[in-house]
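Examination of the molecular architecture
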Amino acid sequence: MADTVAPVTRPVPAPHSAREPARAARTPGSLVLRGVAMVYVGLLVLLPVAVILYRTFQPGLNVFFAALDSPEALHAFQMTGIVALSAVVINTVFGVAVAVLLARYRFWGRRLLSAFVDLPVSVSPIVVGLALVLVFGPTGWLGPFVEHHGVTMIGAKPGMIVATVFVSLPLVVRALVPVLEQSGMEQEQAAASLGASAVTRLRRITLPTIRAALTYGVVLSLARCIGEYGAVLVVSNNIEGQTETAPLRVGNLVENELNYNAAYAITFVLIIVAFAAILLSAWIRRRRRS
Amino acid sequence: MGIQVHGIGKRFGDFVALENIDLSMRTGALTALLGPSGGGKSTLLRIIAGLEKPDTGTVEIDGADATRLAPRHRNVGFVFQHYAAFTHLSVYRNVAFGLEIRKRPRAEIRKRVNELLELVHLEQFADRLPAQLSGGQRQRMALARALAVEPKVLLLDEPFGALDAKVRKELRDWLRRLHDEVHVTTVFVTHDQEEALEVSDEIVVINDGRVEQVGKPDELYDRPANPFVMSFLGPVTTLDGQLVRPHDIEVFTDPVGDAVPAKVTRLQRIGFEVRAELGDTGGWAQLTRGQSEALNLAEGANVWVRPAPGTTRIPAPRQPT
Ligand SMILES: Nc1ncnc2c1ncn2[C@@H]1O[C@H](COP(=O)(O)OP(=O)(O)OP(=O)(O)O)[C@@H](O)[C@H]1O
Ligand SMILES: [Mg+2]
């Protein structure tokens, strides 16, 4: 890029980049830390994944594909797809709106909103689900009201999507707020004084500024949406062939049907998707830094 | 015409940032808002631009009431101390921004942007990102960006504050020349009195949310309204109950007319100037090296001093004792 313009004197970066190299891990302390990290990764991550891999493919590929090809499994994946994608779309729109609100405006109740967004991170997803049931269930505060307008929340997709949004929205908001705060308001104010409307400012200044962070947050939230179990379990009523998502299907296969082979097959697919999402987000993060 | 400000007041909580400001800035003039840090200069400038809402008062731009107008309808160019460059856009796109959102024809945009880039000497940097420019270059880009939409007024908030002394001086001369070419009504904020005296047609001294004095640079320098203005425009000292400028003090080795006796308690040379501390009077005099040598000054010497006839002096504020 730089060679298309007239050369100017710019400091040439030293061959070894300015980033301080990690200390060589040779001291006894660092060896202990490395050991702990390896035991942690080995016992809690690699071993279970290896077991699942082994159990997935041990009965043979036929069994694996048959398990995925069953109508219940296909329906569960479809359900997960619909719920996760809807939730991610909502997360993107609301995430940007809430983050801009938190980072750019000072208003009464701002701290409350901030705490509220974070709440699902610290509270068990089951509690989130129960809260939704209390509000939108047939006997809840707003249940009859939304029912009257033709929307069934509990035991149906709308409730599952709302529950999923609840638990995954913080991932988007928390990815955006620091970037917005760091970039400050001056670019937007400059755009305003140049004649840009609010929509133009959002589209031409704010969104490009947060693009990388938004992509990162959305990918993370997608992974979370696909894997959500607790909140969806409570809200969906867990009805096979109707509101059963892939993670619920795994649970049901293990607990009710004792069909471990099918459970491992679905789990394997979920792991692959989550892994892809994490790799993607790591790649985005790396690109953003450079 | 120009900018009229009437009865502007602004509080942040209990803190009074601006109190009943009345000002009028002439069309085509380069006006400096000068004052110490925290005095309210930026707040006033941001109110004129519409980036801040006043609690009381009105703002008129070119004869039209703008008090309730959104920033984007005010047609002002604003230049921020820290450039506020659009970091994801090239220099060219930064400058073109205002024209692009006005949906001007491409050819016209290209012509105007290239003219402006030439004006601010950034033609060869058009394709760079702001991060690849120096601070001074970034600020010139911000200036070109603000000028692109042909604003009625140009507002600059300490445009050179983040730059080193040498670049600052270059840019300030350049701003003056630019203004002589473009002739847009310009208000710029500074807390550097030299910058204000050197560049502006008119200076507004603001302190503690109030206007201390308004006038041409020479008027302010020769007839400061109060001790604050006088001491803000350069070093002052007290002599015989009066505030005077140290370089306006005449030093004699023999008693002369109304001169008062003093003893040189300290003699300090700084480059071409010599500072003589006059112990018993509490003041000091600034002389050239030549003057000091001609008088044969030395520490401990007895001298007679007085303000040179016809120079600026005002009663000194009562010192807390
Ligand atoms: N958004 C704000 N909230 C609270 N106080 C503010 C705000 N903006 C400015 N102030 C206060 O108002 C006073 C005037 O601020 P202002 O930025 O106008 O000063 P200034 O003259 O531009 O100073 P400087 O030369 O340091 O930029 C300051 O005491 C500042 O703390
Ligand atoms: Mg300021």
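Residues numbered from 1 in each chain as written. Chains lettered and ligands numbered in written order. Predicted model: local features only at pLDDT ≥ 70, side-chain atom pairs only at ≥ 80, totals over all residues. Heavy atoms only, no water.

Identification of chain B as ABC-type quaternary amine transporter from Rugosimonospora africana is taken from an unreviewed UniProt entry.

Condition: UniProt positions are given in the numbering used here, feature names are shortened, and annotations may be inferred rather than shown by experiment.
Identification of chain A as Sulfate ABC transporter permease subunit CysW from Rugosimonospora africana is taken from an unreviewed UniProt entry. According to the UniProt record, the Subcellular location (unreviewed entry) comment for chain A is "Membrane". Word for word, the UniProt comment on chain A under Function (unreviewed entry) is "Part of the ABC transporter complex CysAWTP (TC 3.A.1.6.1) involved in sulfate/thiosulfate import. Probably responsible for the translocation of the substrate across the membrane."

Thoughts on the nonpolar core
Here is a general trend for soluble globular proteins: nonpolar side chains tend to be buried in one another's company. Let me state the cut-off plainly: The term nonpolar core refers to a set of buried residues drawn from Ala, Val, Leu, Ile, Met, Phe, Trp, Tyr and Cys, joined through side-chain atoms within 4.5 Å. Here's how the labels work: a residue is buried when its accessible area is under 20% of the maximum for its type, exposed when over 50%, partly exposed in between, all with a 1.4 Å probe on protein chains only. What counts as a helix is a DSSP run of H or I of at least four residues, what counts as a strand is a run of E of at least two, and both are numbered from the N terminus. Contacts are assigned to residue pairs that have any heavy atoms within 4.5 Å of one another.
Counting residues in each nonpolar core, the largest one holds 45 residues, and the members touching the most others are Val95(B), Val113(B), Leu117(B), Leu143(B) and Leu154(B). Per element, the largest residue contribution to this core is 7 residues, and it comes from helix α4 (residues 135-148) of chain B. Apart from the residues lying within four places of it in its own chain, the contact partners of Leu117(B) are Val91(B), Tyr92(B), Val95(B), Leu122(B), Glu123(B) and Ala126(B). In terms of nonpolar packing, the next biggest core, distinct from the first, is built from 43 residues, Val172(A), Ile210(A), Cys225(A) and Leu248(A) among them.

Section: the sheet that holds strand β12 (residues 242-244) of chain B
Residues and elements named next belong to chain B. The condition is simple: In this scheme, strands are said to pair when DSSP sees at least two bridges between them. Axis definition: a line fitted to C-alpha atoms, limited for helices to the stretch in contact. Angles are taken between N-to-C directions and run from 0 to 180 degrees.
The strand order across the open sheet built from 3 strands is β11-β12-β18, with neighbouring strands paired in antiparallel fashion. Single-partner strands in this sheet number two, and they are β11 (237-239) and β18 (313-315). Each strand axis lies, on average, 40 degrees off the axis of its neighbour in the sheet, ignoring direction. Of the pairings in the sheet, the one linking β12 to β18 comprises 3 bridges and is antiparallel in character. Residue Val-244 lies in a different strand from β18, and its bridge partner there is Arg-313.

Overview of the domain arrangement of chain B
All names here are of chain B. Threshold: Each domain's extent was defined by an automatic or database domain assignment. Accessible surface is computed with a 1.4 Å probe, and the buried area is the amount of it that two parts give up when combined, taken over both parts together. Here a salt bridge means any side-chain nitrogen of Lys or Arg lying within 4 Å of a carboxyl oxygen belonging to Asp or Glu. The residue classification treats Ala, Val, Leu, Ile, Met, Phe, Trp, Tyr, Cys and Pro as nonpolar and Asp, Glu, Lys and Arg as charged. All others, Gly included, are polar.
Each assigned domain of chain B is listed here: domain 1 (3-228) and domain 2 (236-315). When each unit is reduced to the centre of its C-alpha atoms, the spacing between domain 1 and domain 2 is 40 Å. For the pairing of domain 1 and domain 2, the buried interface totals around 450 Å² over both sides, and the portion due to carbon and sulfur atoms is 57%. On the domain 1 side of the interface with domain 2, the three residues burying the most area are Tyr-221, Pro-224 and Pro-227, jointly 83% of the side's total. In this structure, the connection of domain 1 to domain 2 is made through 0 salt bridges. In the side of domain 1 that touches domain 2, the residues fall into 3 nonpolar, 1 polar and 1 charged.

So, the side chain of Ser168(A)
Checked against the element boundaries, Ser168(A) lands in helix α7 (residues 157-183). A residue is classified by how much of its surface remains accessible, and Ser168(A), at 0% relative accessible area, is buried.

Concerning the packing of aromatic side chains
Put simply, the rule reads: Any Phe, Tyr or Trp ring, taking Trp's six-membered ring, that has another such ring centre within 6.5 Å forms a pair; planes under 30 degrees apart are called stacked, those over 60 apart edge-to-face, and the others tilted. Criterion for a charge above a ring: Lys NZ or Arg CZ within 6 Å of the ring centre, and within 35 degrees of the ring normal.
Across all of its chains, the model carries 8 aromatic pairs over all chains by this definition. Aromatic pair Phe57(A) and Phe64(A): ring centres 4.8 Å apart, planes at 45 degrees, arrangement tilted. In this structure Phe64(A) comes out as buried when scored by relative accessible area, which is 7%. On the numbers, 5.1 Å between centres and 70 degrees between planes, the contact of Phe64(A) with Phe65(A) is edge-to-face. Here a set of aromatic residues connected by ring pairs shows up, and it is made of Phe57(A), Phe64(A), Phe65(A) and Phe268(A). Positioned above the aromatic ring of Phe86(B) is the side chain of Arg145(B), whose terminal nitrogen or guanidinium carbon lies 4.2 Å from the ring centre.

Considering the sheet that holds strand β16 (residues 283-288) of chain B
Residue and element names in this part refer to chain B. Strand order in the open sheet formed by 5 strands is β13-β17-β14-β15-β16, with antiparallel pairing between adjacent strands. Single-partner strands in this sheet number two, and they are β13 (249-252) and β16. Averaged over all adjacent pairs, the angle separating strand axes in this sheet is 45 degrees, with direction ignored.

Here we look at the site of ligand 1
Residue and element names in this part refer to chain B. Definition in use: Think of it this way: one heavy atom of a residue within 4 Å of a molecule or strand is enough to make that residue near it. Nitrogen and oxygen atoms within 3.5 Å of one another constitute a polar contact, given that in protein one can donate a hydrogen and the other can accept it, and given that sequence-neighbouring residues count only through two side-chain atoms. Areas reported here follow the Shrake-Rupley algorithm with a probe of radius 1.4 Å; residue values treat only the protein chains shown as occluding.
Lining the immediate surroundings of ligand 1 are 13 residues, of which Ser-37, Gly-38, Lys-41, Ser-42 and Thr-43 lie closest. Here an oxygen atom of ligand 1 sits 2.8 Å away from a polar atom, N or O, in the main chain of Gly-38. Relative to its unbound accessible surface of 630 Å², ligand 1 loses 60% to contact with the protein. Of all the elements in the fold, those that place two or more residues in the shell around ligand 1 are β2 (15-25) and α1 (41-49). Among the elements that line the shell around ligand 1, the one with the most residues is α1, at 3 residues.

Describing the interface of chain A and chain B
Contacts between chain A and chain B engage 20 residues on the former and 27 residues on the latter. Its largest share of buried area at the contact with chain B, chain A owes to Ser193(A), Leu194(A) and Arg204(A), together 30% of the area lost on that side. Between Glu100(B) and Arg204(A) there is a salt bridge; the shortest N-O distance is 3.1 Å. In this assembly, chain A and chain B are joined by 5 residue pairs in polar contact (both at pLDDT 80 or more). Contributing elements (two or more residues each) for the side of chain A that touches chain B: α8 (186-193) and α9 (198-227) of chain A. Among the elements that make up the side of chain A that touches chain B, the one with the highest residue count is α8(A) (7 residues). Looking at the side of chain A that touches chain B, its residues break down into 11 nonpolar, 6 polar and 3 charged.

Some points on the UniProt feature "domain: ABC transmembrane type-1" (unreviewed entry) in chain A
The feature "domain: ABC transmembrane type-1" (unreviewed entry), as given by UniProt, occupies residues 77-281 of chain A in the numbering adopted here. With 80% helix and 0% strand, residues 77-281 of chain A has its two end C-alpha atoms placed 22 Å apart.

Digging into the packing of α7(A) against α9(A)
All names here are of chain A. Condition: Between 65 and 115 degrees an angle is taken as roughly perpendicular, under 35 as roughly parallel, over 145 as roughly antiparallel, and anywhere else as oblique. Should the near helix be turned anticlockwise from the far one by less than a right angle, the crossing is termed left-handed; should it be turned clockwise, right-handed.
Running from N to C, α7 and α9 point in directions that differ by 155 degrees, and their axes come no closer than 9 Å. As the angle between them shows, α7 and α9 are arranged roughly antiparallel. Judged by the twist between their axes, the crossing of α7 over α9 is right-handed. Counted together, Thr-164, Val-167, Ser-168, Leu-171, Val-172, Ala-175, Leu-176, Val-179, Leu-180 and Ser-183 of α7 and Thr-206, Thr-209, Ile-210, Ala-213, Leu-214, Tyr-216, Gly-217, Val-218, Leu-220, Ser-221, Arg-224 and Cys-225 of α9 form the full contact between these two elements. Grouping the amino acids of the contact of α7 with α9 by side-chain chemistry returns 14 nonpolar, 7 polar and 1 charged.

With respect to the confidence of the model for chain A
The condition is simple: Values of pLDDT, ranging from 0 to 100, describe the predictor's confidence in every residue of the model.
Of the residues in chain A, 90% have a pLDDT of 70 or more, and the chain-wide mean is 85. Low pLDDT, under 50, characterises residues 1-20 of chain A; the stretch is placed with 10 contacts to residues that sit more than four places away or in other chains.

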